[in-house]
Amino acid sequence: MCAGRLGVPADECYVVGDAVWDLLAARRAHMLSIGLLSGGYGEDELARAGAFRVYRDPGELRHALDELGIVPS
């Protein structure tokens, strides 16, 4: 629904989640998933659920945006 409201194809969207369920939902929606270690799940669990990358916290994610092909403005 969010991709539709933004007018962006689902396969061009990123989902940032801290739970296995977030990442599984992203996979079902054909979206790239990014894991954060803030929801009680470990890095291996998030990776097995389909996370493209897993970061410790939002700050680490922000510093790694270029890995994801995102150029901050």
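Along each chain, numbering runs from 1 in the same order as the chain's sequence is written. Two thresholds apply to this predicted model, a pLDDT of at least 70 for residue-level local features and 80 or more for giving and counting side-chain atom pairs, whereas whole-chain, interface and lining totals are computed over all residues. Hydrogen atoms and water are omitted, and side-chain values are computed over all heavy atoms in the structure.

Asker: What's the story with helix α2 (residues 20-28) in this structure? I'm lost.
Answerer: What sets the pattern is the α-helix's 3.6 residues per turn: residues three or four places apart point alike. The buried label applies to any residue whose accessible area, calculated with a 1.4 Å probe on protein chains only, is under 20% of its type's maximum; exposed applies above 50%, and partly exposed to all values in between. Comment: elements are numbered from the N terminus, with helices defined as DSSP H or I runs of at least four residues and strands as E runs of at least two. Among all positions in α2, only Val20, Leu23 and Ala26 are buried. Projection of α2 onto a plane perpendicular to its axis shows the buried side chains occupying an angular sector of 125°, all on one side. Structural note: α2 exposes Trp21 and Arg28 on the side pointing more than 90 degrees away from its buried face. The secondary structure elements touched by the buried residues of α2 are β1 (14-17), β2 (32-36) and α3 (43-48). Trailing α2 by a residue or two, His30 shows a phi angle of about 65°, which is positive. Picture the helix axis, draw a direction to every C-beta atom, and the arc is the one those directions span. Whether two residues touch is decided by their heavy atoms; if any such pair falls within 4.5 Å, the residues are in contact.

Asker: Just to check I follow, could you spell out unusual backbone geometry for this structure?
Answerer: The phi torsion of most residues other than glycine is negative, and most of the peptide bonds are trans. Non-glycine residue His30 carries a positive phi angle of around 65°. By secondary structure assignment, the location of His30 is in the loop between α2 and β2.

Asker: Sorry if this is basic, but what is going on with the pattern of salt bridges here?
Answerer: Two side chains bearing opposite charge may form a pair once their charged atoms approach each other closely. Salt bridges are identified by distance alone: a Lys or Arg side-chain nitrogen within 4 Å of an Asp or Glu carboxyl oxygen. Counted according to the given criterion, the structure contains three salt bridges. One salt bridge in this structure joins Glu67 and Arg53, with 3.4 Å as the shortest N-O distance. Residue Glu67 is located in the segment after α4 (58-63), and its partner Arg53 is located in strand β3 (residues 53-55); the two are separated by 14 residues in the primary sequence. Its relative accessible area of 43% is what places Glu67 among the partly exposed residues. A salt bridge links Arg56 to Glu60; the shortest N-O distance between them is 3.5 Å.

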